[in-house]
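A structural walkthrough
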Amino acid sequence: MSVRLTTAQALVRFLAAQHTERDGVRRRLITGMWGIFGHGNVAGLGQALVEYADVMPYHQGRNEQAMVHAAVGHARQLNRLSAQAVTTSIGPGATNLVTGAALATINRLPVLLLPGDYFAAHPADPLLQQLEHPVEADVSVNDTLRPVSRFFDRITRPEALIASALQAMRVLTDPAETGAVTLALPQDVQAEAYDWPEEFFAERVWRVRRPAPDPEELAEAVRAIRAAERPLLVAGGGVHHSEAEAALRAFAEATGIPVASTQAGKGSLRHDHPADLGGIGHTGTAVADDLARTADLVIGVGTRHSDFTTASGTLFQHPEVRFLNLNITAFDAHKLAARTLVCDARTGLERLTEALDGHRVDPAYESEYRAGKERWDRVVEAAYRADDPSAVPTQTQVLGALDAVVGETDVVINAAGSLPGDLHKLWRARSPRQYHLEYGYSCMGYEIPAAVGVQQAAPDAVVWALVGDGTYLMMPTEIVTAVQEGLPVNLVLVQNHGYASIGGLSESVGAERFGTAYRHRAADGTFTGAPLPVDLAANAASLGMEVLRAKTVAELRDALAAARASDRPTCVYVETDPAPTAPPAEAWWDVPVAETASREAAIGAREQYDRQVAARRRHL
């Protein structure tokens, strides 16, 4: 039996019939499709979404990159068990997907990209927006998506969709392979009819596996843990993706092994769990980084061991330090020449806990890190505290005011600027999904669209997007989408008149904060004049948000409480005191400094750089 449909119609029907299943729970795989329409997809996928509006929800975006961010936030909130699709026209609509695709793939989060493409039949060349290549006629701008996609195909014939669509679903649902998946769709092929086998539209269930550790790898891991005197576990995003938080808690409570977390892994343990040390690495806590320097065994669970986590190879300083990596992806498990447990995070932690029955670290070690945790808790309290409610708040006091307002199931979203460092050090995560930091790509502009995607995935949660003025100016467009869809996302907009994070970094590397302030150009040509007279709060209001302006700590507290109680998209706008109140970095991060320079700032920065880089180790 067959049914005659266009390629676009067939694809929409196929996507509507796909499901995932893990631990006996079935979910729809593709929960909806974002789209901005142009001549490359309006007559194909646009018409198909009208045709099948009853089975495929459509979401209207304002920027193609932002649509991908929204889909990524949605998938992360749902533990990668559901995803969304994104369709664009050809040309700039398609190339705008590249940044979002890179973010998705780097963070191992599923999103299906469906950009329009040029005519497969080449009836006329060049088309509007076509990139002509003199020696490769089959190249289009969509080829920019190849290196940032986990699977890519250009569907040049209707029947070619069958195999590629199945491969696309396989990759989206594979916890070791997932990321951005791209099916480029020539606009003539989208509209072309074909007799599709009915079987193509049958309901399919893609089981998301939980592979167990190899018995010999498990035995070797157990021996390594039993032999370690100062083991430290580093929890990465894989703990959340696997829903392994309870297994991690049981492991820590049974063994007494302390847990530090990456940006993606924060919240794997509640902030007040005795074994939770908070963030690790360049933006980590003092207690976590101090223990990392003396750890003789580092147990990585679901982490990529990025340079922020390892302090660019300078953090783990024990002469005999060794690594044990539990990761579902072999590529990540083998980093740092580690012993490996290539398996699901929850299953692996459960097996480790069983095999380590009766083993526990020395009580003196537990006492040491618990005392360090108590000291750091006092640092957090000091950073959050605002003794004068009539004062202009600092950035850390903004976080303290928010900390006092949020509930257990609220979600706090951030990605770039100076906020990630402050949050990683200071935020007190109360639940596994509360701390949502995109720091694999640290993409300015992620926060607002991601909040939209998270709110779609968790309609009963209170969702907060934290952004500075630099990030806001990058991509405020999806405020309009939140207003249109009636999604009550909350935006905390911190105005500090420039790129605060990069300004500080610039100063530390001898670049003297060049090009990082949002100010008028002075007579000497530098941007050191008066602050620009922009009113971002008015801008947010013009896009449809309710805006609450806060000038003091007391006003900020009231505004945050009002925003949390609101049932419509709300912006809390606050200008902050620029005085630094966050604890300094507890570990280094490698940003190369000019080897030769005439300016004193760069010369001094290079001397400091040479001292720091000497501590780097190659862990083999």
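Reference entry: report on the structure contained in this document. The shown structure was predicted, so the numbers you read here are calculated from the model rather than taken from an experiment. Residue numbers here run from 1 along each chain, matching the order of that chain's written sequence. Restriction of local features to residues with pLDDT of at least 70 applies here, the model being predicted, together with a cutoff of 80 or more for giving and counting side-chain atom pairs; totals for whole chains, interfaces and linings are based on all residues. Note that the side-chain values use all heavy atoms of the structure and ignore hydrogens as well as water.

1. Structural notes on the packing of aromatic side chains
Any Phe, Tyr or Trp ring, taking Trp's six-membered ring, that has another such ring centre within 6.5 Å forms a pair; planes under 30 degrees apart are called stacked, those over 60 apart edge-to-face, and the others tilted. Under the counting rule described, the total for this entry stands at 11 aromatic pairs. Taken together, a centroid distance of 4.5 Å and an interplanar angle of 10° make the contact between phenylalanine 14 and phenylalanine 200 stacked. In this pair, phenylalanine 14 is assigned in helix H1 (residues 7–16) and phenylalanine 200 in the loop between strand S10 (193–197) and strand S11 (204–207), connecting sequence segments 186 residues apart. Summarising the burial analysis for this pair, phenylalanine 14 and phenylalanine 200 share the class buried. Ring pairs connect the aromatic residues Phe14, Tyr194, Trp196, Phe200 and Phe201, which therefore count as one cluster. In this scheme, Lys NZ or Arg CZ marks a charge over a ring once it lies within 6 Å of the ring centre and within 35 degrees of the ring normal. Here lysine 266 stacks its cationic end above the ring of tyrosine 435, 5.6 Å away from the centre of that ring. Positioned above the aromatic ring of tyrosine 573, the side-chain terminus of arginine 549 is 5.6 Å from the ring centre. To qualify as a helix, a DSSP run of H or I must reach at least 4 residues; to qualify as a strand, a run of E must reach at least 2; elements of each kind are numbered from the N terminus. A simple rule labels every residue: compare its accessible area, found with a 1.4 Å probe on the protein chains alone, to the largest value its type can have, and call it buried under 20%, exposed over 50%, or partly exposed in between.

2. Examining the sheet that holds strand S12 (residues 231–235)
Only when DSSP finds a minimum of two bridges between them are two strands counted as paired. The strand order S14-S13-S12-S15-S16-S17 describes an open sheet built from six strands, whose pairing is parallel. Looking at which strands have only one partner, the edges of the open sheet turn out to be strand S14 (276–279) and strand S17 (339–342). The sheet shows a mean angle of 20° between the axes of neighbouring strands, taken without regard to direction. Here strand S13 (residues 259–261) pairs with S14 via two bridges, running parallel. Across the sheet, the residue bridging to valine 259 is aspartate 276, located in S14. For this analysis, residues touch if any pair of their heavy atoms sits within 4.5 Å. Helix axes are fitted to C-alpha atoms over the stretch in contact, other axes to C-alpha atoms as well, and angles between N-to-C directions run from 0 to 180 degrees. Running over the sheet, helix H14 (residues 345–355) touches S12, strand S15 (297–301), strand S16 (322–327) and S17 and is turned about 125° from S16.

3. Comments concerning the layout of surface pockets
Here the second largest pocket defines a volume of roughly 180 Å³. With a 1 Å grid laid over protein atoms only, a set of points is called a cavity when a 1.4 Å probe fits there but cannot get out and a pocket when it is open yet has protein on both sides within 12 Å along at least five of seven lines; lining residues have an atom within 4 Å of a point. Taken together, 15 residues form the lining of the second largest pocket, with Phe119, His122, Ala137, Asp138 and Arg154 sitting closest to its centre. Residue classes follow a fixed rule: Ala, Val, Leu, Ile, Met, Phe, Trp, Tyr, Cys and Pro count as nonpolar, while Asp, Glu, Lys and Arg count as charged, and any other residue, Gly among them, counts as polar. Residues belonging to the lining of the second largest pocket are distributed by class as follows: six nonpolar, four polar and five charged. Grid points are joined across faces, edges and corners, and a volume is the space filled by probe spheres set on the points.

4. What to know about empty space enclosed by the protein
The tally for this structure, following the rule as stated, stands at three cavities of 30 Å³ or more. In terms of lining, the largest cavity is formed by 19 residues, of which the most central are Lys266, His271, Asp276, Gly278 and Trp427. Secondary-structure elements contributing two or more residues to the lining of the largest cavity are S14, helix H15 (363–384) and helix H17 (419–426). Looking at the lining of the largest cavity, the element that brings in the most residues is H15, giving four residues. Within this model, the second largest cavity holds a volume of roughly 40 Å³. Arg76, Gln77, His240, Pro432, Arg433, Tyr435 and His436 are the residues that line the second largest cavity. Elements with a minimum of two residues in the lining of the second largest cavity: helix H3 (64–77) and strand S19 (435–437).

5. Describing the side chain of asparagine 142
Among the secondary structure elements, asparagine 142 is positioned in the loop between strand S7 (111–117) and strand S8 (151–154). Among the residues examined, asparagine 142 registers a relative accessible area of 1% and is labelled buried. Within polar-contact distance, the side chain of asparagine 142 engages the backbone oxygen of glycine 116 at 2.9 Å. Setting aside residues no more than four positions away along its own chain, asparagine 142 makes contact with Ala94, Pro115, Gly116, Asp117, Phe152, Arg154 and Ala184. What qualifies as a polar contact is a pair of N or O atoms within 3.5 Å, subject to a donor-acceptor requirement within protein and to the restriction that residues adjacent in sequence count only when both atoms come from side chains.

6. Quick notes on the nonpolar core
Take the buried Ala, Val, Leu, Ile, Met, Phe, Trp, Tyr and Cys residues and link them wherever side-chain atoms come within 4.5 Å; each set so joined is a nonpolar core. Formed by 82 residues in total, the largest nonpolar core has its most connected members in Leu233 and Trp464. Looking at which element gives the most residues to this core, the answer is H15, with six residues. Beyond its immediate sequence surroundings of up to four residues, tryptophan 464 is in contact with Leu402, Val405, Val406, Asp410, Val411, Val412, Ile413, Asn490, Val492, Leu560, Ala563 and Arg564. With 48 residues, the next largest nonpolar core counts Leu113, Ala184, Ala540 and Met545 among its residues.

7. So, the sheet that holds strand S2 (residues 18–22)
Overall, mixed pairing links the three strands, which are arranged S3-S2-S11 in an open sheet. Pairing within the sheet leaves two strands with one partner each, and these edge strands are strand S3 (25–28) and S11. Averaged over all pairs of adjacent strands, the angle between strand axes in this sheet comes to 30°, irrespective of strand direction. Inspection of the sheet shows S2 paired to S3 by four bridges, in the antiparallel sense. Considered in S3, the bridge of threonine 20 is made with arginine 27. Contacts from helix H6 (residues 160–173) reach S2 and S11, with the element oriented near 35° to S11.

8. Brief notes about the pattern of salt bridges
When charged atoms on two side chains of opposite charge get close, those side chains can pair. Just to be clear on terms, a salt bridge is a Lys or Arg side-chain nitrogen sitting within 4 Å of an Asp or Glu carboxyl oxygen. If you walk through the whole model with that rule in mind, you get 34 salt bridges. The shortest N-O distance in the salt bridge between aspartate 410 and arginine 564 comes to 2.8 Å. Separated by 154 residues along the polypeptide, aspartate 410 in the loop between helix H16 (395–403) and strand S18 (411–414) and arginine 564 in helix H23 (residues 553–565) bring together distant segments of the chain. Note on aspartate 410: relative accessible area 1%, which makes it buried. By relative accessible area, arginine 564 is classed as partly exposed at 30%.

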